[in-house]
Amino acid sequence: MRDDGSEPKTDRDGLIPRHRYTADLAARIELAWQDRWERDGTFHAPNPTGPLADGFDEVADQPKLYVLDMFPYPSGAGLHVGHPLGYIGTDVFARYKRMTGHNVMHTLGYDAFGLPAEQYAVQTGTHPRVTTEANIAIIGAQLRRLGLAHDDRRGVATTDVAFYRWTQWIFLQIHGSWYDAVADRARPIAELEAALAAGEREPDPGTNPSGAAWTDLDPIERRRVVDAHRLAYLQEAPVNWCPGLGTVLSNEEVTADGRSERGNFPVFRRPLKQWMMRITAYADRLLADLDHLEWTESLKNMQRHWIGRSEGAEVRFSTESGPITVFTTRPDTLFGATYLVLAPEHPLVDELVGAAWAAGVDSRWTAGAAAPAEAVAAYRAQAARKSEVDSQSEGRAKTGVFLGAYATNPVNGEPIPVFVADYVLMGYGTGAIMAVPAHDQRDFDFARAFGLPVTAVVAPPTDWPADTSAWKGAWTGEGVGLDSANDEVSLDGLAVPAAKTAITAWLAERGAGQGTVTYKLRDWLFSRQRYWGEPFPIVFDEHDLPVAVPEHELPVLLPEVDDYSPRTFAIDDNTSDPEPPLGRAEDWVEVTLDLGDGPKVYRRELNTMPNWAGSCWYELRYLDPTNENAFVDPAIERYWMGPQHDGDTGGVDLYVGGVEHAVLHLLYARFWHKVLFDLGHLSSREPFRRLVNQGYIQAPAYADDRGFYVEASEVVARDGGWFHDGQTVTREFGKIGKSLKNMITPDDLIAEFGADTLRLYEMFTGPLDQSRPWETKAVVGVFRLLQRIWRNVLDEDTGAVRVADVPADPDTLRTLHRAIAAVRDGMETLRFNTSIARITELNNHLTLRFPDGGAPRDAVEPMVLMLAPLAPHTAEELWQRLGHPESLTREPFPEADPALLIDDTVEIPVQINGKVKTRITVPVGLTVTDLEAAARADVKVIGLLDGQTVRKVIAVPDKLISFVVG
RNA sequence: GCCCGGGUGGCGCAACUGGUGGACGCGGAGGGCUUAAACCCCUCUGGCCCCUCGGGGCUGUGUGGGUUCGACUCCCACCCCGGGCACCA
């Protein structure tokens, strides 16, 4: 082939052409370009102002784009091939957008506080910061090797002192504000104090236990009242105490069966004094703004369900011991209420419980106890135990006991029995219900079990028996009111909505209830008894009241301790108090501060913030990572995240991450963002305008006949089965990780093929939001693609450019422009798999058309540019060898010429009675008439229509022609 | 049970607002290059059937119906898989 003999054409083995695209070559290219990008700051995104404003002038007229990934926890295990799926996806998108003229902001930091580093510290004595930094170094190197185009000046870690100082500052903002229900927003607490002092405002209900006038309260009482209004407040309230972990947990961290999400230890409800965040004040806004977000419907639904808004009414039933308030969504069924139920923990239970059973009481109501108090005590003990056992195994069978007391139904004055039963939950509504067995299935089941009357007050379908004792279940559908009238109000004949309105108005008039809205969402428990978290910027004074550490005292640094663990207890120890590790730093705990009244000794808050704190606002710090005067410069926030049009929420333009954060992180971050918005620190009212959940990569895992997983890399496939160590094993697909013994690391893949191949493979296996199995043997397909593109640009033997500077032929040009249109579409819709397919098609065309080289530059260069977001190293290298010294990062992405997207001729299917029988080739743009004429002139069609009566002809220009015969 | 997704070749997946189903890739078959093999290149590849070897027919997108000249796409009912919630009054 080469006759000058100047250079051996193959490598040392004499087998592979010297300039073929191999893993070794890919590695050389990739490392060189990664160094160059870093050296040149290629991916730096200029801010409009501040220290990162260099180069802004050049992009000032471009649209901005903020692309964000959910940041990783720096685990010691490093990354597996599942982790980068989203990172690669956002990188491809961000690179594409840079090439279409956007100022793109994209970086990645670390969510680095958390339990694993702390547990490792407990075991080994290594400071969590040491572990964390080492892990960040490992993962940082893995990520860098992927060629992600991040602005590395911005990738902060939540554990950086310069970061958590501002986490503490934001806590002070939340602590320093209250929710003004009238203005429907958070306001600085000082404005509340002023309004209270001026007599313009009364304390909110429940915040002033004494009920005395503000002017009559002493300063300590006033502080307590004000503190009770704050968005971050201390509360002695039932919390989720997990003795096995030695800490309390948020509702979101407790599983449905009452165990800790982490560690699966029992969790107990018990009253403890803890920091809470008043997220419930934002329930309506968190719900309403979901409608403005570009999130998937399923994700929005998860948040909607978690917030759990229900409209209904509170109704007061009088008893001898005072009123019982119930919550119902069906006040229209009030005439059908035949008993009341209180949750076992309801505070009124003890007051209501009767002295003795009445004569002739139903034996099912007493649980065999001698007196109501005894029955209730036994039932409560049983209910408390039930959450410890598997609640599922109990099924839905209704249990409960009679309190030996009666309440009066306000609509008809009838006495109805009061029960305690665990199917009513203390944590929802008022912890008490009116039971309407005819129209609620749970009440129906209970009534049947306890022999209680079932009174129909909403008309069921006409084929239902008149006698409710023949009903098989409750009627929960719509219908008109029945037997629902007293002297003042009648619901008879009213449809459900009208009946609700009528009865609610009547109750309100009588002072026996009112319309209300209730939520499943609870306030957020914000204290953790852990070491590796943000210390609270709070101290306690001599009255044991909390005082904010002044801003200029921030940060409150984590103290050094000799033992990082909270005290843990026997997993069922429900009585010991939490002992946070910070309490061990004795000289840190006490601090002398001058808060305006001279130096005094204060005691520090010993809890730390939960893991979620940093992730509630990190996306804001990326914008302005070094600012020492503010958590983010408002002008910079407005530029990157501000609303783009009237009604826009603002926020990150694209946020990509796992669906496992559907409620916790995404709800908490929205809440903090809204507080900061209310206080005037932000222009955006939502953090993440558009959100996409990337799919999971699942890998084969193999189990032996005992059901134990075996190391997947040691399994061999043969004869249609799988074998490990000679034994048959079964295959399934699951999440990659240690537990399934199916770890596949990016490092292995990069060593074998290069980072660009890994990137292409992950993008090629399906749309970004779809889960897909990993199949290592299929990776070679995209590796070959890179090899073939390389070969169309460069001579494998000499490395010389083999592209021709001649105009592209019309056929090639059309193929190119069709590819451009499709590639762009795939990029915009995050369906990179289709983009790759079209690039492959184009390259295949060039290979076939120019088998000996000489593909036209006009086609090759656009192809290289289209490849760039997906396989950036290879594309950069080819671009440079094609004679362009500058990086292609901001080279304009090819644009399709609409004129070239259409052919001169088009192949039209000819259908007879809806079935494709043949195809004709006709010029593009034929009219309906001409198309029919062309079809009828076709020899094949003449044959097909011979002897047939054409009843109808449907001709769609450039699409098809269809004859209906018969 | 309720709420979201999703069912297309042996496998991963394509198919614009209803208009040529299976793009692209893996795997497989055949051929080329090679002493040989690997690499690489080319051709074929949903299923069944017929064939005069040019090709032709039938069938096919989870199941059963429907709308339509025409359905992977729209409607109704159902089955299966994945995820979430689950006594929330």
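This text gives an overview of the structure that appears in the document. Since we're looking at a predicted model, the values are computed, not measured. (Residues numbered from 1 in each chain as written. Chains lettered and ligands numbered in written order. Predicted model: local features only at pLDDT ≥ 70, side-chain atom pairs only at ≥ 80, totals over all residues. Heavy atoms only, no water.)

With respect to the sheet that holds strand 31 (residues 915–923)
At step 1: Reading across from one edge, 31-30-33-32 is the order of the four strands in this open sheet, with mixed pairing throughout. A strand with exactly one partner marks an edge of an open sheet, and here the two such strands are strand 31 and strand 32 (950–956). Ignoring strand direction, the axes of neighbouring strands in this sheet form an average angle of 20°. (Pairing = 2+ DSSP bridges. Helix = DSSP H or I, 4+ residues; strand = E, 2+ residues; numbered from the N terminus. Axes fitted to C-alpha atoms, helices over the stretch in contact; angles between N-to-C directions.)

Describing the environment of Tyr531
At step 1: Among the structural elements, Tyr531 can be located in the loop between strand 15 (524–525) and strand 16 (538–540).
At step 2: For the pair Tyr531 and Asp492, spaced 39 residues apart in the sequence, the C-alpha separation amounts to 63 Å.

Section: empty space enclosed by the protein
At step 1: Applying the stated criterion across every chain yields a total of one cavity of 30 Å³ or more.
At step 2: The space that makes up the largest cavity amounts to roughly 30 Å³.
At step 3: Together, Asp332, Val457, Val458, Gly479, Val480, Gly481, Leu491, Leu494, Ala495, Val496 and Ala499 line the largest cavity.
At step 4: Among the residues making up the lining of the largest cavity, the classes are represented as eight nonpolar, two polar and one charged. (1 Å grid on protein atoms, 1.4 Å probe; cavity = no way out; pocket = protein on both sides within 12 Å on 5 of 7 lines; lining within 4 Å. Points joined across faces, edges and corners; volume = space filled by probe spheres on them. Nonpolar A, V, L, I, M, F, W, Y, C, P; charged D, E, K, R; others polar.)

A short note on the packing of aromatic side chains
At step 1: Counted according to the given criterion, the structure contains 46 aromatic pairs.
At step 2: Considering the side-chain rings of Phe71 and Tyr618, the 3.6 Å spacing of their centres and the 5° angle between planes classify their relative orientation as stacked. Here Phe71, found in the loop between strand 1 (64–69) and helix 3 (84–99), pairs with Tyr618, found in helix 18 (residues 618–621); they are 547 residues apart in sequence, far enough to count as distant. Neither residue differs from the other here; Phe71 and Tyr618 are each classed as buried. (Phe/Tyr/Trp six-rings, centres within 6.5 Å; stacked < 30°, edge-to-face > 60°. Buried < 20%, exposed > 50% of the residue type's maximum accessible area, 1.4 Å probe, protein only.)

Points about the nonpolar core
At step 1: Phe171, Trp524, Phe526, Phe631, Trp672 and Trp774 are the most contacted members of the largest nonpolar core, which has 178 residues in total.
At step 2: Here the element with the most residues in this core is helix 20 (residues 664–678); it accounts for nine residues.
At step 3: With sequence-adjacent residues up to four places away left out, Trp672 is seen in contact with Thr167, Ile170, Ile174, Met277, Trp524, Phe526, Ala613, Cys616 and Trp617.
At step 4: One finds Val326, Leu352, Ile433 and Ala435 within the second-largest nonpolar core, a separate group that totals 59 residues. (Core = buried A, V, L, I, M, F, W, Y, C linked by side-chain atoms within 4.5 Å. Contact = heavy atoms within 4.5 Å.)

Some words on the protein's contact with RNA strand B
At step 1: Near RNA strand B there are 57 residues, and of these Ser298, Thr329, Arg442, Arg831 and Arg919 occur at the shortest range.
At step 2: Each atom of RNA strand B within 4 Å of the protein belongs either to a base or to sugar and phosphate, the latter forming 66%.
At step 3: Here a sugar or linking oxygen of RNA strand B and a backbone polar atom of Tyr423 are 2.8 Å apart.
At step 4: Within the backbone of Leu425, an N or O atom sits 2.9 Å from a base nitrogen of RNA strand B.
At step 5: Tallying contributions element by element places helix 25 (residues 832–849) first for the surface near RNA strand B, with seven residues.
At step 6: In terms of residue class, the surface near RNA strand B is built from 17 nonpolar, 19 polar and 21 charged. (Near = heavy atom within 4 Å. Polar contact = N/O pair within 3.5 Å; in protein donor to acceptor, adjacent residues only side chain to side chain.)

Examining the sheet that holds strand 15
At step 1: Strand order in the open sheet formed by four strands is 6-5-7-15, with antiparallel pairing between adjacent strands. Edge positions in the open sheet fall to strand 6 (247–249) and strand 15, since each of these has one partner strand only.
At step 2: Examined bridge by bridge, strand 5 (residues 232–242) and strand 7 (residues 268–277) share 10 bridges and lie antiparallel to one another. Across the sheet, Tyr233 pairs through a bridge with Met276, a residue of strand 7.

No statement about biological role is implied by the geometric values presented.
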